[in-house]
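Analysis of the macromolecular model
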Amino acid sequence: MSYDTIVQGGRWFDGTGAASAIRDIGIRDGVVAEVSVEPLDVTDCPQVIEAHGRWVIPGMVDIHTHYDIEVLDAPGLSESVRHGVTTVLVGSCSLSTVHVDGTDAGDLFGRVEAIPREHVIDAVDRNKDWRCCEQYIHALESRALGPNVAAFLGHSDMRAAAMGLDRATRSDTRPTRSEMAQMERWLADALDAGFVGLSSQQLLFDKLDGETCRSRTLPSTYARPSELRRLKNLVRRTGRVLQSGPDITHPRDVVSQAVQSLGIGRPRLKTSLLSAADIKANPQAVRIMGPLAGIVNRLGGDFRWQHLPVPFEVYADGIDLVIFEEFGSGAAALHLRDDIARDSLIRDEQYRRRFRADYEKKFGPRVWHRDLFDAQIVACPDETVIGRSFGEVGRDRGGLHPVDAFLDLVVEHGRALRWRTTISNHRPEILRQMAREPGIQMGFSDAGAHLRNMAFYNFGLRLLRHVRDEQLAGREFLSVEAAVHRLTGELADFYDIDAGHLRVGDRADLVVIDPAALDARLDEYHESPVEAFGGLPRMVNRNDGAIDAVLVGGSTVVRGGCPTEVIGARRTGRFLRAGVRDTAPVPTPTPTDEPVAHAV
């Protein structure tokens, strides 16, 4: 039998969590045709990938991205693909581009997701030739998609398009009957077309860009319970997923979102909630997240937290960082687009008193730990401050308050001041605990957003490194098979998409990983210009040596850690419709050799 590609002698993981084993994999017509104990005949096979000593896993699934803009002009999405991600979900956090025009999309995405507003407007207005979800799917599939794409429909997208962005962001305004009916029709159409569900948002420090509605929160946050209930009922009836960001200033909202998954006299609501994190500012909160999900699911719900399984390290240029949105003085500075006006505000002593008061307020729900001694300067025209914290700089400058030291440097150097801090997931023992929790999903990359400060394209490789390192040290907390399952098949099954598995009959989306290269290089900082956004440098962690090859639909899109000429030139991915399988996988034959229960 002939094959288009043979992957030879790698340790094969099927994505179900079953024991791995050494196998040859034969691929034909974009599908896994053979998983063989015996070496496959390579005669006339145009591509043979030598995988001895490598792991061969299903392509990873990234369940939380903001690629809605980038996919229009750079559909290869190479930064994710080169790290082994072959399926991405767009439409997160109530934001999508199905119904809004370019200007509204710019206001929705520009500030909260830190994607330059002018590029959002241009990309949407120049590319948009769709008027409904089905046409949107066709528009994506007409592009040279690198990975597969699945989608949520964003509540803020619908609300802004139905009501107008101004009315949709007023607390005293409700949708009219016709506007509400329009949103319900749009959501029903999306679910019929195969969208994985609805994304909403109640988090109150996500702010709008633009002029007219600048600094208002996202449209979804203004929805009354009755509006949300009507939309959620459509999701319930179809068995699709609600993705939601709770209002962390009201903990009861978190509990309510979890409990609503139960149904109680109606279909349960599959719910994926943002976000399980070991927050420095509130170290006890994480301890209730896994148990809360466990209780709800044991009572009949279907509830998951999303989780980034690596340290949540953020970078900032000056004061441009979304964490400042969570308190009044920080949001006031970010409200001002003009640098001169912003600098004038920051110099004002009354403003500084407000900022110091906000900084010193240590109680109440918050994300940022507000410790400027725990914030390291990594770049600055004044080289004497590089490598130091703002607290240390203040101490060296005659005992300045850390806030004054920070604001002085912002005024002096603006965006040329670059600094970093870790806001969550800093304790490895807690990360290990969360990785074992069945109510927590491995995925919160934010890929495509926050280009200058916080997106995590290689989180899956870093989780695999953590698992392998602890296993080699004799402290196993999760088998490699279980970790692969958590990054692939488990996610695909929850969102009901045709991805995440590597068995006979499955689409040939796979990654060949060199486990010996899962090392400290995965944490290295790189900047890579994004042509679609005017060459804006994207901050990434990258180790090309960890990935030997990535295949999407049987096409080789990455070799030796680098994208091939296929990326961006022709379509290898597809739009994944929830509940639809392109092929009918057949059971994998029972291995006849001795499988290795825990791969190292």
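Now for a quick tour of the structure. Keep in mind the model is a prediction, meaning the values are calculated, not measured. (Residues numbered from 1 in each chain as written. Predicted model: local features only at pLDDT ≥ 70, side-chain atom pairs only at ≥ 80, totals over all residues. Heavy atoms only, no water.)

1. Some details on the packing of aromatic side chains
We count it as follows: In this scheme Phe, Tyr and Trp rings, the latter by its six-membered ring, pair at centre separations within 6.5 Å, and the angle between planes marks the pair as stacked below 30 degrees, edge-to-face above 60, and tilted otherwise. Here a strand is any run of E in DSSP of at least two residues, a helix any run of H or I of at least four, and the numbering for each starts at the N terminus. Partly exposed residues are those whose accessible area sits between 20% and 50% of the maximum for their type, while under 20% is buried and over 50% is exposed, using a 1.4 Å probe and protein chains only. As a reminder, the over-ring test applies to NZ of lysine and CZ of arginine, requiring each to be within 6 Å of the ring centre and within 35 degrees of the ring normal.
As enumerated under the stated definition, the model contains 22 aromatic pairs in all. Here the aromatic rings of Phe-13 and Trp-55 are separated by 5.9 Å at their centres, their planes lie at 65°, and the arrangement is edge-to-face. Taken together, the residues span a long stretch of sequence, with Phe-13 in the loop between strand E1 (5–12) and strand E2 (21–28) and Trp-55 in strand E5 (residues 55–58) at a distance of 42 residues. One exposure class covers both Phe-13 and Trp-55, and it is buried. Between Phe-390 and Trp-419, the ring centres sit 5.6 Å apart and the planes meet at 85°, which makes this aromatic pair edge-to-face. With Phe-390 in helix H15 (residues 390–396) and Trp-419 in strand E15 (residues 418–424), this residue pair connects regions lying 29 residues apart in the sequence. Phe-390 sits in the buried class, given a relative accessible area of 0%. For Trp-419, a relative accessible area of 0% translates into the label buried. Through a chain of ring-to-ring contacts, the aromatic side chains of Phe-324, Phe-327, Tyr-351, Phe-355, Tyr-359, Trp-368, Phe-390, Phe-406 and Trp-419 assemble into a single cluster. One cation-aromatic arrangement involves Lys-270 over Phe-494; the distance from NZ or CZ to the ring centre is 4.6 Å.

2. Some remarks on the side chain of Asp-247
Using the following cut-off: Contact between two residues is taken to exist if any of their heavy atoms lie within 4.5 Å; hydrogens are not considered.
Considering the arrangement of structural elements, one finds Asp-247 in the loop between strand E10 (241–245) and helix H10 (251–259). Classification of Asp-247 as buried rests on a relative accessible area of 10%. In this view, Asp-247 contacts Gln-202, Leu-203, Leu-204 and Asp-253; residues no more than four positions away in its chain are not counted.

3. Digging into the pattern of salt bridges
Where side chains of opposite charge bring their charged atoms close, a pairing between them can arise. Definition in use: Within this document, salt bridges are pairs made up of a side-chain nitrogen of Lys or Arg and a carboxyl oxygen of Asp or Glu, the two lying within 4 Å of each other.
Evaluation of the coordinates by the stated rule reveals 50 salt bridges. Where Glu-412 meets Arg-397, a salt bridge forms, and the shortest distance between an N and an O atom there is 3.5 Å. Here the residue Glu-412 occupies a position in helix H16 (residues 402–413), and Arg-397 occupies one in the loop between H15 and H16, the gap between them amounting to 15 residues. With a relative accessible area of 45%, Glu-412 lands in the partly exposed category.

4. Section: the environment of Asp-302
The test is simple: N or O atoms within 3.5 Å of each other form a polar contact, as long as, within protein, one can give a hydrogen and the other can take it, and as long as residues adjacent in sequence are counted only when both atoms are side-chain atoms.
Along the chain, Asp-302 turns up in the loop between helix H11 (286–298) and strand E12 (303–307). When neighbours within four sequence positions are excluded, Asp-302 is seen to be in contact with Ser-261, Arg-268, Leu-269, Lys-270, Thr-271, Asn-297 and Phe-494. Only 3.1 Å separates the side chain of Asp-302 from the side chain of Arg-304, close enough to count as a polar contact.

5. Considering the sheet that holds strand E13 (residues 312–317)
Convention followed: Strand pairing requires that DSSP identify at least two bridges connecting the strands. Axis lines are fitted to C-alpha atoms, over the contacting stretch for helices. Their N-to-C directions set the angle, which ranges from 0 to 180 degrees.
The strand order across the open sheet built from three strands is E13-E15-E14, with neighbouring strands paired in antiparallel fashion. Strands at the two margins of the open sheet, each flanked by one partner only, are E13 and strand E14 (376–379). Within this sheet the neighbouring strands show an average axis-to-axis angle of 35°, counted without direction. As defined by bridge partners, E13 adjoins E15 across six bridges and the pair is classed as antiparallel. Bridge pairing in E15 places Val-314 opposite Thr-421.

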